[in-house]
Every structure is written in structure tokens, then in C-alpha cells.
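Per-entry structural report
Here are the chains, one letter per residue:
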Amino acid sequence: MTKLTVNGQEHDVASAADTPLLWVLRDELGLTGTKYGCGKAVCGACTVLVDGAPTRACVIPLSALDARTVTTIEGVDSAVARAVRQAWIELEVAQCGYCQSGQIVGAIALLHDNPTPSDEDIDNALDGNLCRCATYVRIRRAVHRAAELIA
Amino acid sequence: MSITRLTRREFLRHGLTASGGLLLGVRLRPARAASDAAGIPSFAPDAFVRIGTDDLITVIVKHIEFGQGTFTGLPTLVAEELGCAWSQVRAEGAPADPSRYANLNWGGSQGTGGSSSMNNAYIQMRRAGATARALLIAAAARAWQVKPGDITLSEGLVRHAASARSARFGELAALASQEPVPKNVTLKDPAEFVFIGHDLPRLDIAAKADGSAVYTQDLRLPGMLTALVAHPPRFGARVASVDDGPVRALEGVEAVVELPSGVAVVARDFWTAKKARDALLVKWDESDAFRQGTEDILADFRARAARPGLVARRDGDASTALADAAQVLEADYEFPFLAHATMEPMNCVARHDGDACELWYGVQGQSLDLGNLSRALGLPAEKLTLNMLYAGGSFGRRSNASSDYVVEAARIAAALPGTPVKLVWTREDDMRAGAWRPLTLHRLRAALDADGGINAWQHRIVGQSILAGLPKPPPADKVDHTCVEGASTLPYAIPNLSVESHQPSLPIPVLWWRSVGHTHTAFATECFLDELAHAAGRDPLELRRALLVDDPRRLGVLELAAEKAGWGKPLAAGRGRGIAVHHAFKTWVAEVAEVTMLEDGDYRVDRVVVAVDCGLVVNPGIVRAQMEGGVGYALSALRGEAVTLVDGRVQEDNFDTYPLLRLSQMPRIEVHLVASREPPTGVGEPGVPPLAPAVANAIFDACGARERRLPLRRAARA
């Protein structure tokens, strides 16, 4: 059993120690908002916050997470998170939507660190989050819009 | 918003008992009284609209939602005619039943593709809304003993002004369900539209911003197991033997199932199944395996291009005109295999109950899947239930000629009767499986006359036929239009024109990929025309204008894009501008790209101006989104994408070797919509074809390099 705090709730997790966090979240805890895209940290669809930092859940094993705090798309609930979600809805960013949990969690982490990011800051923070529908124009606009909403 | 996950019978029962409402078909059969267990009357399930006593309007959408906006666009049509408030409207995926939910552009076949959803359903869905409206009016008129003509509907209320009476839709649903369905309904005058043509919010957007939207990957059924499959390392290889002893002993592994397509490991969860699948010892029989590489295939294609092919179009006599010409230009263009690389890799949930099978997944090609499943399982189509879920992208992948992963899931489920099984393909499984955009070679020759006119154009295309992979393929000596579309329909006035097709057979599964043949024909034709313009000393825009006769909508987008982009305005050194125009799936799109050359032949696309004529614009925001996405999707392929084979083995199987476009590479995009009263046409695909030629032409303008082999990662300066 590994102790894991997810979205403010403590869990004793039974998955094998080598299980990537992504599959603990999805298969054991039933939190399916975090998506599988590549399995090797090259697409960003599985982005969650581990102790507040954006992390690729598909490669970090459960054994590396003892006593750490995980926040997923289902649990993000700060003022920044609400602003990001509102901006995402206003600008209708999503198309197929599959990568958007990762995009949104990544955007929240960025705005927590830097409430007024430039285009370049946004590129740097989210360049590892692939979107096959290429909603990038709106992702960038929505991050700026969220920054306005926070200000 | 919900996507139904119920069987047809459950769906009916649910729809009626939960809402006690009105199920309405638009086939305008005489109303058939139907009732569920609770005896609530309704119309038989030829149904597109359900009005619940809770006032919710559920629109049953026959086309899948994978980002292109059908779950908003089709309900908009119903809501417009019905007179409800947009906040009342929900969308629900239709069951697989071609008798009720056929694509009207495809005869009796059900499925989504060819950017046809809005085009085929435009009148059908409006009639569904108008019919529901007529029934609500009839019910109110009877209840209130007033004339139907004095009743109005708007914002979800039925009103009779003179008597100051009103009712919510839900209050009238049960009464309305007893009214006879009118044979004819009057549709609104477009001048009265309040929803069509306006930016209604997408119905799927909130669920896609909080992680609650359910994709196949997310579906959890009681007792469900997860399956992964070991597939052969080369096309045409088969299982020789399998040693599954060590794997069967692993905790959490429930079954190992040998399949025609490989060996499945079924386990309690993904990670257990993944480890077990990777540990499986399979010996492959590769005696019939395909061992060629990309370069072998290309060499063969080049040799074929030297010979005449099947005739796709012949005007005048191009061969003689070329032989007699003063100046002949010739160019080969080469296009790689491309993966759809949807963000959600292929997957499918299936439960086989012995004499029936139920499946849950992103169902795009209902008729294809029903046929393939029926043959594979030996069950009639009536025993198959397909539940449509959101799909994390498709771009053609899920409209599935062989139903590869769907059949695979069903076969695994058949080995474990009663147990729901989720088949998951990893990214690597998905990319190695084929079903790619075919590798294609184009050879073009053209004759220029002394005045800079084009007197002849000969175009040979070599590539696998996609239609040859269908369950009932057309004869091999017939031109597959998906190989030549966009080339055989060349719009330019050239007196001697020949388009030919070679369709070699290879054991590599190929499939339609967002805009299909246009992905390569638009590049070859619009780049070659640009080459001819420069050879003739003519402006590429001016040459197109001169060659377009009686083609006002194509000229319309061409002029609009050129004007908005500032065609002809000088650019700084190292920058360039290119233009392309193309017609695909009934929609015209022109794009102007501006590029800046960087170090070592790399380049940046700074700005793309798009002009689109898709007839009546139902939802401007969604049309813009599809153009933006189409530009990004096409640019991604142009800049980096290629699946290659070496000795029959796939070399690229994840995003580290198959690079997709990133945020920092996305250009500024300006979309201009042509105002039109023509029927609406598709927008999912047509934004794709003009982008790559516009960019390649801009690179030539910037640095004089003509790159004719894709992907175009770097441009060698001339």
C-alpha cells in the first residue's frame, strides 16, 4: 500500500509500485479526466500537478510518490483554475477535447507562477502539450484571457 | 450533455419513462402508437428529437462528435425550427441503425465522413424541428380550443396571446405525442433565423473543460477487464506459436486469447495487461511478411509513373501537345505515409453475450462496422448494438474499412462471454497498425507556349487505392476517385489535359486521412501551377485568374484571401508569400501563407489568411475553429510527419519520432467567411488542402527553393 493524497483526499493505493501514476488515477481511483496519449512523456495529455508542479503522470511510478500531493483536472479549484476554465469555455478552445485536461492543468500551473505571461512564456510552458486538432490559437488566447480574469 | 450508453431497448424505455415525453421521427410515417412498460404513448423510434416533461430537448445526432462540432451544429438546426431556448438543448449520439440514421449523401449507409454531416442533414434536421413545433402547436390548439394560426412558439414557451395562455414544451409533450404527424411542414424563411448563422455556444464545451467528457478510454463497466494485443512486427506476418505460461501465472491476468490479428492478454487493468503483453513470448511466421522499405516502394512507383495509367480524365491530346511543345516543365512530388495520430489511440469496449454483442466506442462508420462485425462474429446486424461515445480525434481513422480494432475487441470479448472487455491500443500499437494516408508519387508535365500560356498538362499519380481495402472493393481496373480527386477535377482552362492513375496493390492497410486524396493532389497541382507561373514570368494569382473560367465561387475565395493578405505588397528579404486555392467536399478554400526563412533552411510560418465559401454559415465560430485546426493539421504534416518502413518494419511509432505541430509553431490565422445563401457544406476537411502548397510556394518566394518531397523540414536555398 502506498499513501497518496489526490485532490485533497488521502488514499491507500494497492497498485504495484511500478505502476505509473496515470493508471493509478484512472484504473484504481476512477479519475478518468487525466488522459493517456503516449506513455512516454512526449504529449502532455496526462499532465497533473504533483506538489503543485506540472508532471507527466504516464511515466512517474507510484513508488516515487509516497506522501506526495497530486491534483488532477477533477480537483483543480483555485481562483486561477476557475479563471482558466472560464476562459477555456468562453473562447471555445476544445475541439475533440482529449488533450484539454493536460492543456488546462498546464495553463493553471503557468498562471500560478506567472500571472501575466507573454506569448513566449506561454509557448515555453505549453510547447510540450500536443493538440492534434491544433487548437493552439485559442489556447494562447485563452491563457491571456484567464490572466485578464485573474487581474 | 450526455451520450447515450444504453441499448436500443433501454434507450427507448429510458427516454420514455424518464421524460414521459415525445419521441419524434421525421420520416413522416403515419404516427405509430408505441408504448413502453409504463404505457406512456409516444411515436415509434424513428427519432431525432425527444421532448421531455422536464423541458429538455434532446436532439439525437446521427453523426459522431470528434471535435468538428456536429453535436452543436445539428441541434442548432432542430432548435431553429422548433423555437426552443438554446439552454434547453442536449445532444445524444444515435444508435447504429442505417434504416433510420443513414447519411443522406451516401445512399443507405450510416457514417460520418467527407465533411458531409451538415450538408446531408441540413433539411432533415430542420424538418425534425419543424415537425415537433407543429405537433406542439396542434396540442396547444386542441387543449385551449383556439386556432393553431394564433399560437406562437419562442424561447421554449407555447403562447396564445389573445387569451394570455402559455405552456412550457414539457407540459405539452404528452398531448403532442397523440397528435397526428403532419405530412408537410413549412420551414422558416432564412431571413427569420435566430440561431443559424449565430455563434451559439458549443454543447460539448463545458464537459471538455473539466475532464468529465467520457471517451472510450474512460468508460468503466462493472466487471470490465482490459485487453492489450501483441501484433506481428511486419504486415503479412502471423502467429506461429505462443508461450503464454509465464504470463498466465501473473497476478491479475485473466486470459490469453489467440486472434487472427495477434495474441491478446486480458487483465484486471491497463498496467497489468501492458506488462503481461510485453512479456508474452510469441514466435511469428514471417514467411509471407512484407519486407520492403519506403525507398523500395518509391523506386517502384517512379518506374510505374513512366508508363500510362488508368485514365481519370482526358481533354484534347496532352501527349502530342507535349511532344510538339517549345518548353516542357516536369516535376515529381512525393508524399509519405501519414498516421492519423489521434490524441486518443484506438480503443473499443465490447461485451459478447453468446448470441449478441454490444460495443461502446467512437463509432464513425456504423455501416462498415456492422458489416465487418457481422462477418467476423457470425451474428446478424440486429444482434449488434453500437453505442457512440465521444472520440478523441479521428481525421478519418475511425471510419474504418476493415474495422480492425473494433473486430479485434469483439473477438476478444467473444472468448469471454458476458465480460465487458476494453481493448486498448498503445500509441505504438496504433501507429504501427497502418491505416495510413497512402504513400503517393505524382509526376507532372506541362507545355508552355510562347505567350506564357499552358497548352498541355499531364498528371500521373501512383498510390494505393483506399477503396480496394473495403469489404466490397470496386474492380481493380477502375480509377479510385480518392486517388485522383482534386487532380482529375483540375479547374484551370488547359486545352490538352490528361490525368492518369496507377493503383499498385501492397499489403499495407491505407485509409482516408483528413481531406483524403486532396492532401496530395492540392499540393502537386497548386505547386506545379506556381512553378509554371514563374517559368512563364507571370504572377501566380494573375495566372490563376486567367485560367479560371465560369468558376465564381473559387475566384471569390481566391480574390478575398489575396486582398485580405495584401497580395503583391513587398516583404522584407528572407520572407515570402504563397497562395493556393482548392475545392474539396463541396467547399472552396483559398489560403495565403507568409513565411520567414530561418537558419539552415528551417522556416517559420508567420501568418495564414484563409477565405472559405461553405455556403450558408451555420455557426461562424465553429467554421473558424475548423479552418484554424485545418491549417494546423496540414502544417503539422508538411513540417514533420512521415511514417517510413525499413525492411518492412515501421520506424516511427510515437511522438518522439513522429513530430506533431507545437504551440510555438502555430502561425497567426485570419479566417474570412464568404456570405452565402447556398446550402451549407462541410468544413472539417476543406481547410487542410491549400495550406501546404501555399507554404511551399511562399518558401519558393522567400528563397527560391522548390521542395517536392514531403515532409518539408528544411528548404535548400536555390
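Residues numbered from 1 in each chain as written. Chains lettered and ligands numbered in written order. Predicted model: local features only at pLDDT ≥ 70, side-chain atom pairs only at ≥ 80, totals over all residues.

1. Considering the overall build of chain A
The line we're drawing: Strands are runs of DSSP state E lasting at least 2 residues, helices are runs of H or I lasting at least 4, and numbering of each runs from the N terminus. Whether two residues are in contact is decided by their C-beta atoms, placed from the backbone, lying within 7 Å.
Check the secondary structure of chain A and you find 5 helices and 5 strands. Listing each helix as α and each strand as β along chain A from the N terminus yields β-β-α-β-β-β-α-α-α-α. Structurally, chain A occupies a C-alpha span of about 45 × 30 × 25 Å along its principal axes. Sequence-distant contacts, at least 24 apart, represent 63% of the contacts inside chain A between residues at least 6 apart.

2. Focus on the overall build of chain B
The following threshold applies: We compute the radius of gyration from the C-alpha atoms alone; for a globule the expected value is 2.2 Å times N to the 0.38, where N is the number of residues. Counting other C-beta atoms within 10 Å of each residue's C-beta, where C-beta atoms are placed from the backbone, gives the exposure class: buried for 20 or more, exposed for 12 or fewer, partly exposed between.
For chain B, the helix and strand inventory stands at 18 helices and 29 strands. For a compact globule of 718 residues, the expected C-alpha radius of gyration is about 27 Å, and chain B comes in at 27 Å, within 12% of that figure. C-alpha extents for chain B along the principal axes are approximately 85 × 75 × 45 Å. Put simply, chain B has 718 residues, and 55% of those count as buried. In chain B, 76% of the contacts between residues at least 6 apart in sequence involve partners at least 24 apart.

3. Structural notes on the domain arrangement of chain A
Residue and element names in this part refer to chain A. Defined as follows: The split into domains, and so the bounds of each, comes from an automatic or database assignment of domains.
With domains assigned, chain A is organised as domain 1 (2–71) and domain 2 (79–150). Its C-alpha centre places domain 1 at a distance of 21 Å from the equivalent point of domain 2. Between domain 1 and domain 2, the residue contacts involve 13 residues of the former and 10 residues of the latter. Contributions of two or more residues to the side of domain 1 that touches domain 2 are made by strand S3 (47–50) and strand S4 (53–56). Looking at the side of domain 1 that touches domain 2 element by element, the count peaks at 3 residues for S3.

4. Quick notes on the confidence of the model for chain B
All names here are of chain B. Quick note on the threshold: pLDDT measures how confident the predictor is about each residue, on a scale from 0 to 100.
For chain B, the mean per-residue pLDDT works out to 93, and 93% of the residues sit at or above 70. Low confidence marks residues 1–20, where pLDDT is under 50. Its contacts with residues over four positions away, or in another chain, come to 45 contacts. Below a pLDDT of 50 lies the segment residues 24–46, which in the model reaches 53 contacts outside its immediate sequence neighbourhood of four places, other chains included. The ipTM for the predicted assembly is 0.98, set against a pTM of 0.95.

5. Regarding helix H18 (residues 691–703) of chain B
Because the α-helix completes a turn every 3.6 residues, residues three or four places apart line up on one side. Residue and element names in this part refer to chain B. Inclusion rule: An expected span of 1.5 Å times one less than the residue number is assigned to each helix.
Taking 1.5 Å per residue as the helical rise, H18 with its 13 residues ought to reach 18 Å, and the 18 Å between its terminal C-alpha atoms agrees with that figure. Burial of H18 is extensive: 12 of the 13 residues sit out of reach of the surface. Those residues of H18 lying buried are Leu691, Ala692, Pro693, Ala694, Val695, Ala696, Asn697, Ala698, Ile699, Phe700, Asp701 and Ala702. In this fold, the buried residues of H18 make contact with helix H14 (518–535), helix H15 (540–547), strand S24 (575–584), strand S25 (587–597), strand S26 (603–613) and helix H17 (620–640).

6. With respect to the interface of chain B and chain A
Note the threshold: Residues are sorted three ways: Asp, Glu, Lys and Arg are charged, Ala, Val, Leu, Ile, Met, Phe, Trp, Tyr, Cys and Pro are nonpolar, and all the rest, Gly among them, are polar.
At the interface, 45 residues of chain B touch 43 residues of chain A. Sorting the residues of the side of chain B that touches chain A by element identifies helix H7 (270–279) and H17 of chain B as the ones contributing at least two each. At 7 residues, the largest contribution of residues to the side of chain B that touches chain A is made by H17 of chain B. Tallied by class, the residues present in the side of chain B that touches chain A amount to 19 nonpolar, 14 polar and 12 charged.

7. Observations regarding the sheet that holds strand S18 (residues 357–361) of chain B
All names here are of chain B. Here is the rule: DSSP calls a pair of strands paired once it identifies at least 2 bridges connecting them. Lines are fitted to the C-alpha atoms to define the axes, a helix being fitted only along its stretch in contact, and any angle between axes, read from their N-to-C directions, falls within 0 to 180 degrees.
The strand order S12-S13-S10-S20-S17-S18-S19 describes an open sheet built from 7 strands, whose pairing is mixed. Only two strands of the sheet have a single partner each, and these edge strands are strand S12 (253–259) and strand S19 (384–388). Sheet twist, expressed as the mean angle between neighbouring strand axes with direction ignored, is 25°. Pairing of S18 with S19, which is carried by 5 bridges, proceeds in the parallel orientation. By the bridge assignment, Leu359 is partnered in S19 with Leu386. Where helix H11 (residues 404–415) meets the sheet, it contacts strand S10 (225–230), S12, strand S13 (262–267), strand S17 (347–352), S18 and strand S20 (421–424), and its direction lies at approximately 35° from that of S17.

8. Things to note about the domain arrangement of chain B
Residue and element names in this part refer to chain B. For chain B, the assigned domains are domain 1 (8–192), domain 2 (216–287 + 346–424) and domain 3 (294–337 + 436–703). Contact residues are listed per partner, giving 15 residues for domain 1 and 17 residues for domain 2. A class-by-class count of the residues in the side of domain 1 that touches domain 2 yields 6 nonpolar, 7 polar and 2 charged.

9. Observations regarding the sheet that holds S24 of chain B
Residue and element names in this part refer to chain B. Taken together, the 4 strands give an open sheet; going across it, the order is S24-S25-S26-S29, and neighbouring strands pair in mixed fashion. Of all strands in the sheet, those bounded by a partner on one side alone are S24 and strand S29 (668–673). Each neighbouring strand pair of the sheet contributes to a mean axis angle of 15°, computed without reference to strand direction. Here S25 pairs with S26 via 10 bridges, running antiparallel. Counterpart to Ala590 in the pairing with S26 is Ala611. Across the sheet, helix H16 (residues 552–565) lies against S24, S25, S26 and S29, angled at about 140° from S26, the strand it touches most.

10. A look at the nonpolar core
All names here are of chain B. In plain terms, the rule: Here a nonpolar core is just a set of buried residues of the types Ala, Val, Leu, Ile, Met, Phe, Trp, Tyr and Cys, joined wherever their C-beta atoms sit within 7 Å.
The biggest cluster of nonpolar side chains holds 272 residues, and the ones touching the most others in it are Val265, Ala561 and Val695. Ranked by residue count, the leading element in this core is helix H4 (residues 117–144), at 14 residues. Among residues more than four places away in sequence, those in contact with Val265 are Ala227, Leu228, Val247, Val253, Val256, Ala273, Ala276, Arg277 and Leu280.

11. Here we look at the packing of helix H10 (residues 366–377) of chain B against H11 of chain B
All names here are of chain B. The cut-off we apply is this: When the near helix sits turned anticlockwise from the far one by under a right angle, the crossing is termed left-handed; a clockwise turn instead gives a right-handed crossing.
One can describe the packing of H10 onto H11 by two numbers: an axis separation of 10 Å at closest approach and a directional angle of 35°. Crossing of H10 against H11: the hand is right-handed. Contact with H10, carried on its side by Asp369, Asn372, Leu373, Ala376 and Leu377, involves Val406, Val407, Ala410, Arg411 and Ala414 of H11 and no other residues of that element. Its residues assigned to classes, the contact of H10 with H11 shows 7 nonpolar, 1 polar and 2 charged.

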